[in-house]
Amino acid sequence: MDDSSPVVVARDLRLEQAFYGTIIHSVSPTEVRVFEKGLVMVGPDGKIALFREHVEKSQVAGILAEFSTGAGSLRIRRLERGQFLIPGFIDTHNHAPQWTQRGTGGGKMLLDWLDEITFPHEARFKDPEYARKAYSSCVDGILKQGTTTASYYGSIHGEATKILADICFEKGQRALVGKCNMDQNSPDFYQEAGAKDSLDATEDFISHVRKLDPAGRSVKPIITPRFAINCDRDLLTGLGKIAAANPDLPIQTHFDEAEDAIQFTRELFHEFSNEADLYEKFGLLNERSILAHCIYLEDYELQRIQELKCGVAHCPVSNTMIGGFLAAPIREYLRRGIKVGLGTDSGGGSSSSIIDVIRQASVVSRAREVATDGADPALTLNELFYLATMGGAQVCGLADKVGSFEEGKEFDALEIHTLGPDAGIIADVEEDDSAEYILEKFLMTGDDRNIKKVYVRGRTVKS
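Just so it is clear, the structure is predicted and the values come from calculations on it, not from any experiment.

## Here's the deal with the environment of Lys126
Thinking step 1. Relative to the assigned elements, Lys126 resides in the loop between helix H2 (110-122) and helix H3 (128-144).
Thinking step 2. Here Lys126 falls in the exposed class, since its relative accessible area comes to 67%.
Thinking step 3. When the C-alpha atoms of Lys126 and Gly158 are compared, they prove to be 8.9 Å apart, with 32 residues separating the residues in sequence.

As structure tokens, then:
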């Protein structure tokens, strides 16, 4: 319920909205903190102005009064039992054009799936009207499922990818948006004319997004070579130069995803024995790089991405549906302190929900535990929650802005309801359930019906 009476607060705090009740976030890969009497206050700039971990109900008005130096008002959202706030989910790897092909082509090997299913579908985005319709549905659907930040691959089409960026901005989703670069080894109907055309379109797209959101607070361009198979040396060289000239821009690509792709890459770029050296040579491997999948890394590559502070986008749903049952060594990445977040990958799997990715990541990690005779223990629920929130923020270069509830960070949050007639099919919340147990029930049995509100920078984008 909302308090009906406004509360006088300080103008210098610029408080606009407040939340009191159970607040949950990660403070490390292994520690999730639950504050059943937490208080968060958000200013009109969308930032967390005040966060108190434990406040008795009777103290709330006093805390506000403590900072009160002038006129101003806000309404307090009081979270009841079974309701809580968590940070927004972060999808570190999402092919936006594949929104409308999700769940198709399962069981095919990766390169066959691309040629037979994905490239023909992505070619449809040459039509701006089709792109607008598909991307509007995509962003709405992703927000509905609680993803407040997404790192998107667009298609090769500059105009369509501008539309994707525009829609993210209009609908209030925090997004990294990339025009996909491909000038070789794809069908003629879905291939750029050459490196120059691809690079010119990329520069034009970057300019468009910088005009759309000059400060990059909501939407930023991301440099997006699909993978080396689809980019010749001139294109990779040019993208590396763009990356060097724009040190604020992240980079994303697919990395050591499937055995057939790895072999093909080595045949094309015979001077490199591994993908780490290849991408580093072209200036595309550094602390801004988001590397999708990362299934078959050699020890040397593990060392390089650790030293270069690259991020890994773990996509267990698609990894187990396209090209076999592929289980990335996430425990080893965490052991080495490598940044890891979760990704849906969209068309390569059956779900666009980070909740489903959490569950499949748990399954895959148990498979790794069995395969390694216990050397790689399965991921815990705390670790999975971390990867879905703070881990994703680190991978996307946003850890100073989102991923947890800290004063000065921007308020990207989900309001979760687990009780009532609209709670869906979540496991029943019982009287003696702790807040930690209710969180587990949500993550393991809940769905988008339990995500009642979604906030990005303090703005409600789903209600």
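## Overview of the pattern of salt bridges
Thinking step 1. Using the criterion set out here, one finds 28 salt bridges in the structure.
Thinking step 2. Linking Arg217 and Glu410 is a salt bridge whose minimum nitrogen-to-oxygen distance equals 3.2 Å. Of this pair, Arg217 sits in the loop between helix H5 (195-212) and strand S10 (219-221) while Glu410 sits in the loop between helix H13 (381-395) and strand S16 (413-417), and the two are 193 residues apart along the sequence.
Thinking step 3. Overall, the relative accessible area of 26% leaves Arg217 in the partly exposed class.
Thinking step 4. According to the relative accessible area criterion, Glu410 is buried, its value standing at 6%.
Thinking step 5. We note a salt bridge from Glu332 to Arg335, for which the minimum N-O separation is 2.5 Å. Linking Glu332 with Arg335, this pair stays in helix H11 (residues 330-335), spanning 3 residues, or about one helical turn.

## Focus on the packing of H5 against helix H6 (residues 233-245)
Thinking step 1. Put simply, H5 and H6 touch, their axes get as near as 9 Å, and they point 25 degrees apart. Here H6 runs roughly parallel to H5, going by the angle between their axes. In terms of crossing hand, the pair formed by H5 and H6 is right-handed. Where H5 abuts H6, its residues Ala195, Ser198, Leu199, Thr202, Glu203 and Ile206 lie against Asp234, Leu235, Gly238, Leu239 and Ile242.
Thinking step 2. In terms of residue class, the contact of H5 with H6 is built from 6 nonpolar, 3 polar and 2 charged.

## Concerning helix H4 (residues 158-171)
Thinking step 1. For H4, spanning 14 residues, the distance from its first C-alpha to its last is 20 Å, which sits close to the expected 20 Å at 1.5 Å a residue.
Thinking step 2. Regarding H4, the residues found buried are Ala160, Thr161, Lys162, Ile163, Leu164, Ala165, Asp166, Ile167 and Cys168.
Thinking step 3. Where H4 is buried, its residues contact H3, strand S7 (147-153), strand S8 (174-178), H5 and S10.
Thinking step 4. Two residues or fewer after H4 comes Gly172, characterised by a positive phi angle close to 85 degrees.

## Looking at the UniProt feature "domain: Amidohydrolase-related" (unreviewed entry) in the chain
Thinking step 1. When the UniProt feature table is mapped to this numbering, "domain: Amidohydrolase-related" (unreviewed entry) covers residues 84-461.
Thinking step 2. A distance of 17 Å separates the end C-alpha atoms of residues 84-461, which is 41% helix and 16% strand.

## Things to note about the packing of aromatic side chains
Thinking step 1. Scanning all chains against the criterion turns up 12 aromatic pairs.
Thinking step 2. With a centroid separation of 5.8 Å and 75 degrees between ring planes, the pair formed by Phe35 and Phe51 is classed as edge-to-face. One end of the pair, Phe35, is in strand S2 (residues 32-42); the other, Phe51, is in strand S3 (residues 48-52), with 16 residues separating them in the sequence.
Thinking step 3. Residue classification places Phe35 among the buried residues on the basis of a relative accessible area of 9%.
Thinking step 4. The cationic tip of Arg102 hangs over the ring face of Trp99; the distance from NZ or CZ to the ring centre is 3.6 Å.

## Focus: the environment of Phe385
Thinking step 1. Its location among the elements puts Phe385 in helix H13.
Thinking step 2. By relative accessible area, Phe385 is classed as buried at 1%.
Thinking step 3. Residues Phe385 and Pro214 lie 171 residues apart in sequence; the distance between their C-alpha atoms is 32 Å.

## As for the pairing of S7
Thinking step 1. Counted residue by residue, S7 has 7 buried out of 7 residues, so it is predominantly covered.
Thinking step 2. Bridging between strand S6 (residues 89-95) and S7 involves 5 bridges; their strand directions are parallel. What sits directly across from His95, in S7, is Tyr153.
Thinking step 3. Bridge count between S7 and S8: 5 bridges; the pairing is parallel. Its bridge partner lying in S8, Ser151 is registered against Leu176.
Thinking step 4. Tracing the backbone out of S7, into H4 and back to the parallel element S8 gives a crossover that is right-handed.

## Side note on the sheet that holds S7
Thinking step 1. The 4 strands are arranged S6-S7-S8-S10 in an open sheet whose pairing can be described as parallel. Single-partner strands in this sheet number two, and they are S6 and S10. Strand-to-strand twist across the sheet, computed as the mean angle between neighbouring axes with direction ignored, equals 15 degrees.
Thinking step 2. On top of the sheet, H5 reaches S8 and S10; it is set at about 160 degrees to S10, its chief contact.
Thinking step 3. Strand contacts of helix H12 (residues 354-371): S6 and S7, with the helix running at about 90 degrees to S6, the strand carrying the most contacts.

Each value, and the rule that gives it
- Residues numbered from 1 in each chain as written.
- Predicted model: local features only at pLDDT ≥ 70, side-chain atom pairs only at ≥ 80, totals over all residues.
- Heavy atoms only, no water.
- Helix = DSSP H or I, 4+ residues; strand = E, 2+ residues; numbered from the N terminus.
- Buried < 20%, exposed > 50% of the residue type's maximum accessible area, 1.4 Å probe, protein only.
- Salt bridge = Lys/Arg side-chain N within 4 Å of Asp/Glu carboxyl O.
- Axes fitted to C-alpha atoms, helices over the stretch in contact; angles between N-to-C directions.
- Parallel < 35°, antiparallel > 145°, perpendicular 65-115°, else oblique.
- Left-handed = near helix turned anticlockwise from the far one by under 90°.
- Contact = heavy atoms within 4.5 Å.
- Nonpolar A, V, L, I, M, F, W, Y, C, P; charged D, E, K, R; others polar.
- Expected span 1.5 Å × (residues − 1).
- UniProt positions renumbered as here; feature names shortened; annotations may be inferred.
- Phe/Tyr/Trp six-rings, centres within 6.5 Å; stacked < 30°, edge-to-face > 60°.
- Lys NZ or Arg CZ within 6 Å of the ring centre and 35° of its normal.
- Pairing = 2+ DSSP bridges.
- Right-handed = clockwise from strand over helix to strand, strands pointing away.

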